[in-house]
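Secondary and tertiary structure notes
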Amino acid sequence: MKFMDALSAKVAAKNARVVFPESKEPRTAEAMRALDRDGLCRPVVLGENTESYVQALMDTRGMKEGIARRLVDKPLYRAAAMVAAGEADAMTAGAVAPTRRVIEAASMAIGLAEGVSVPSSFFLMNFPDDRSLIFADCGLTVDPDAAALAAIAKASARSGEALLGEARVALLSFSTGTSGAGASVDKVREAAQISGFTGPVQGDAALIPEVAERKGAGAGDANVLIFPNLDAGNIAYKLAVALGGAQALGPILQGFRKPVCDLSRGASAQDIVAATVVTLALG
């Protein structure tokens, strides 16, 4: 895809160092070789523990030295500490480890970016017609309240600007404007008021200008779609893959001080390469 080619060129120019705590896993090892061969980044394996890793954990979370030393014995924590200590620019993990473990390690060692209250994730959805959209949150936050949903929307807007050049955000609902009522609609409406983005809006009105015009719902050209909960987001991205032939890259974590990529445990080596490229494009 032309879009991914452009992202790859942008990322290659950074010559970034990416640490892979699961480097011995076969798909990850294959992806690391491909990333290195194609000049997309400099893959890094875990090194021996150093005092700088321990200090990074102590600085980020204010934890006691003994706890920090125990944590850096774990691969995910040591990889995140390498990023925090400046020995790597990003971390890619999750081919084996569950999402919650990747999040815990990143939270403990790297920490959240300034102004971010909750971490979240998104999928970069590349469609056969060369459209690329961001779907959030489809992999992490189960049922965000209005404040958390607004935070997800703001973080996703920043991701959209970095990846797509411009973020046109729509907070999705089964209702457009005042056409429906209920707790979920109220939540989305409040999140839209907090964030300043369009919502609540139905999926067709968010994406099709003619429908948006009929419903008085903005331009209908959104490229960042915010789902009201994990049920809606996860179902939507999987249907887009199964029925629409979309490529789903992610879940890509957002909200951390440095880039962190959480892989799907079913990811292929090619998926790992692409997800790493997307993650580096955010930094």
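Residues numbered from 1 in each chain as written. Predicted model: local features only at pLDDT ≥ 70, side-chain atom pairs only at ≥ 80, totals over all residues. Heavy atoms only, no water.

Turning our eyes to something else, we now look at the environment of Asn15. Along the chain, the position of Asn15 falls in the loop between α1 (2–12) and β1 (17–19). Taking the C-alpha atoms as reference, Asn15 lies 6.5 Å from Arg42; in sequence the two are 27 residues apart. (Helix = DSSP H or I, 4+ residues; strand = E, 2+ residues; numbered from the N terminus.)

To find the voids left in a structure, one rolls a probe of water-molecule size over its atoms. Space inside the largest pocket adds up to approximately 270 Å³. As for the largest pocket, its lining consists of 16 residues, and the residues nearest its centre are Ser159, Gln254, Gly255, Phe256 and Leu282. When contributions to the lining of the largest pocket are tallied by element, the ones reaching two or more residues are α7 (146–164) and β9 (247–254). Taken together, the residues of the lining of the largest pocket break down into nine nonpolar, four polar and three charged. (1 Å grid on protein atoms, 1.4 Å probe; cavity = no way out; pocket = protein on both sides within 12 Å on 5 of 7 lines; lining within 4 Å. Points joined across faces, edges and corners; volume = space filled by probe spheres on them. Nonpolar A, V, L, I, M, F, W, Y, C, P; charged D, E, K, R; others polar.)

Looking at the assigned domains, one finds that the protein chain contains domain 1 (1–111 + 256–282) and domain 2 (122–248). Summarising the inter-unit geometry, the C-alpha centres of domain 1 and domain 2 are found 28 Å apart. The partner domain 2 presents 13 residues to the 11 residues of domain 1 that form the contact. Summed over both partners, the interface of domain 1 with domain 2 buries about 990 Å², with 72% contributed by carbon and sulfur atoms. The interface formed by domain 1 and domain 2 includes zero salt bridges. Linking domain 1 with domain 2 are one residue pair in polar contact (both at pLDDT 80 or more), by the criterion used here. Contributions of two or more residues to the side of domain 1 that touches domain 2 are made by α1, α6 (99–109) and α12 (269–282). Residues of the side of domain 1 that touches domain 2, tallied by class, amount to nine nonpolar, one polar and one charged. (Domains from an automatic or database assignment. Contact = heavy atoms within 4.5 Å. Buried area = accessible area lost by both parts, 1.4 Å probe. Salt bridge = Lys/Arg side-chain N within 4 Å of Asp/Glu carboxyl O. Polar contact = N/O pair within 3.5 Å; in protein donor to acceptor, adjacent residues only side chain to side chain.)

For residues besides glycine, phi is generally negative; the peptide bonds are generally trans as well. The peptide bond linking Ala136 to Asp137 adopts the cis configuration, its omega dihedral lying at -20 degrees. For Asp137, the location among the structural elements is in the loop between β5 (132–136) and α7. Each neighbour pair has its own omega, and for Gly199 with Pro200 the value is -5 degrees, a cis peptide bond. Inspection of the secondary structure puts Pro200 in strand β7 (residues 198–201). Phi at Asn15 is positive, roughly 50 degrees, even though this residue is not glycine.

Let us now look at the packing of α1 against α12. Contact geometry for α1 and α12: axes closest at 9 Å, N-to-C directions at 60 degrees. Here α1 lies oblique to α12, going by the angle between them. Handedness of the crossing formed by α1 with α12: left-handed. Note on element contacts: α12 touches α1 through Ala274, Val277, Val278, Leu280 and Ala281, opposite Met4, Leu7, Ser8, Lys10 and Val11. Residues that form the contact of α1 with α12 fall into these classes: eight nonpolar, one polar and one charged. (Axes fitted to C-alpha atoms, helices over the stretch in contact; angles between N-to-C directions. Parallel < 35°, antiparallel > 145°, perpendicular 65-115°, else oblique. Left-handed = near helix turned anticlockwise from the far one by under 90°.)

With that settled, consider helix α2 (residues 26–37). Side chains three or four residues apart in an α-helix point the same way, a direct result of the helix having 3.6 residues per turn. An ideal rise of 1.5 Å per residue puts 16 Å on 12 residues; α2 measures up with 17 Å between its terminal C-alpha atoms. Where α2 is concerned, the buried positions are Thr28, Ala29, Ala31, Met32, Ala34 and Leu35. The inward-facing, buried residues of α2 abut β2 (42–44) and α12. Looking one or two residues beyond α2, the residue adopting positive phi is Gly39, at roughly 70 degrees. (Expected span 1.5 Å × (residues − 1). Buried < 20%, exposed > 50% of the residue type's maximum accessible area, 1.4 Å probe, protein only.)

The subject of this paragraph is the nonpolar core. Formed by 46 residues in total, the largest nonpolar core has its most connected members in Met4, Leu7, Leu124, Leu171, Ile226 and Val278. When residues of this core are assigned to their parent elements, the largest contribution, nine residues, is made by α12. Both domains that furnish three or more residues to this core are identified here as domain 1 (1–111 + 256–282) and domain 2 (122–248). Residues within four places of Met4 in sequence aside, it is in contact with Leu124, Asn126, Gln247, Leu249, Ala274, Val277 and Val278. Counting residues in hydrophobic clusters, the runner-up holds 29 residues, among them Tyr53, Tyr77, Val102 and Ala109. (Core = buried A, V, L, I, M, F, W, Y, C linked by side-chain atoms within 4.5 Å.)

The residues that UniProt annotates with the feature "domain: Phosphate acetyl/butaryl transferase" (unreviewed entry) are residues 3–52 and 53–279. Here residues 3–52 is 48% helix and 12% strand, with 38 Å between the C-alpha atoms at its ends. Counted over residues 53–279, helix gives 47% and strand 17%. Its end C-alpha atoms are 22 Å apart. (UniProt positions renumbered as here; feature names shortened; annotations may be inferred.)

Take helix α5 (residues 75–84) next. Within α5, eight of the 10 residues are buried, which leaves it mostly tucked inside the rest of the structure. Buried within α5 we find Leu76, Tyr77, Arg78, Ala79, Ala80, Ala81, Met82 and Val83. Along its buried surface, α5 packs onto β1, β2, α3 (51–61), α4 (65–71), β3 (90–93) and α6. One or two positions beyond α5, positive phi appears at Gly86, with a value near 85 degrees.

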